[in-house]
Amino acid sequence: MSQGTHGRAERSPSINRETKVFNDPIHGHIELDHIFMNVIDTPEFQRLRNLKQLGAVNFVYPGAVHTRFEHSIGTCYLALRLVRHLREAQPYLGITNEEEICVALAGLCHDLGHGPFSHTFDRILIPKSKPRGMRIGRMS
């Protein structure tokens, strides 16, 4: 069950065995059950605690400090709210509990591949990491 800034309690889509409550500065209390905690408790996810969401922005704005860990918890919460809204507003889509969980897990895991400094060095690193002759850009 999770409760956002709107004060509505929301239930997690899976069987509620073991939960943990995160006190999010934007969304309030977010309660996630064991399915999400199994991901959050991994070393790969915990490493997000050390990665700043805004890269080096905090050197100019010292208060602009939050991590990819916090961001991913909030993204999971918002993804779950979105898919639940779609499920209620458009029942003909046939969204299942399992699909709710998958959407929320996708939100939770979306930043796992990021390295330090966010997208700060993308312009330099991405061209150097691509195979020769491969174009990266918009498809026409």
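Residues numbered from 1 in each chain as written. Predicted model: local features only at pLDDT ≥ 70, side-chain atom pairs only at ≥ 80, totals over all residues. Heavy atoms only, no water.

Chemist: I tried to follow the overall build of the chain on my own but got confused; where do I start?
Modeler: When helices and strands are tallied, the chain shows five helices and four strands. In the chain, the order of α-helices and β-strands from amino to carboxyl end is β-β-β-β-α-α-α-α-α. Taking all 140 residues of the chain together, the buried fraction comes to 32%. Across the chain, the fraction of contacts at a sequence separation of at least 24, relative to all contacts at a separation of at least 6, is 52%. Put simply, the chain shows about 9600 Å² of open surface, and 57% of that area lies on carbon and sulfur atoms. (Helix = DSSP H or I, 4+ residues; strand = E, 2+ residues; numbered from the N terminus. Buried < 20%, exposed > 50% of the residue type's maximum accessible area, 1.4 Å probe, protein only. Contact = heavy atoms within 4.5 Å. Areas by Shrake-Rupley, 256 points an atom, 1.4 Å probe, with all protein chains shown as cover.)

Chemist: How should I be thinking about the pairing of strand β3 (residues 19-24) in this particular structure?
Modeler: Residues in a regular strand point their side chains to alternate faces of the sheet. Sheet analysis places β3 next to strand β4 (residues 28-33), joined by six bridges and oriented antiparallel. Residue pairing across strands places Phe22 opposite Ile30, the latter belonging to β4. The antiparallel pairing of β3 with β4 creates a hairpin that spans three residues between the two strands. (Pairing = 2+ DSSP bridges.)

Chemist: Help me understand the packing of helix α3 (residues 68-89) against helix α4 (residues 97-109) in this model?
Modeler: How two helices pack is summed up by the angle between their axes together with the distance between the axes. Two numbers describe how α3 lies on α4: the axes approach to 7 Å, and their chain directions differ by 150 degrees. The orientation of α3 relative to α4 falls into the category roughly antiparallel. Between α3 and α4 lies a crossing whose hand is right-handed. In this structure, α3 contributes Ser72, Ile73, Thr75, Cys76, Ala79, Leu80, Val83, Arg84 and Arg87 to the contact, and α4 contributes Asn97, Glu100, Val103, Ala104, Gly107 and Leu108. Counted by class, the contact of α3 with α4 contains eight nonpolar, four polar and three charged residues. (Axes fitted to C-alpha atoms, helices over the stretch in contact; angles between N-to-C directions. Parallel < 35°, antiparallel > 145°, perpendicular 65-115°, else oblique. Left-handed = near helix turned anticlockwise from the far one by under 90°. Nonpolar A, V, L, I, M, F, W, Y, C, P; charged D, E, K, R; others polar.)

All we've got here are geometric facts, nothing functional implied.
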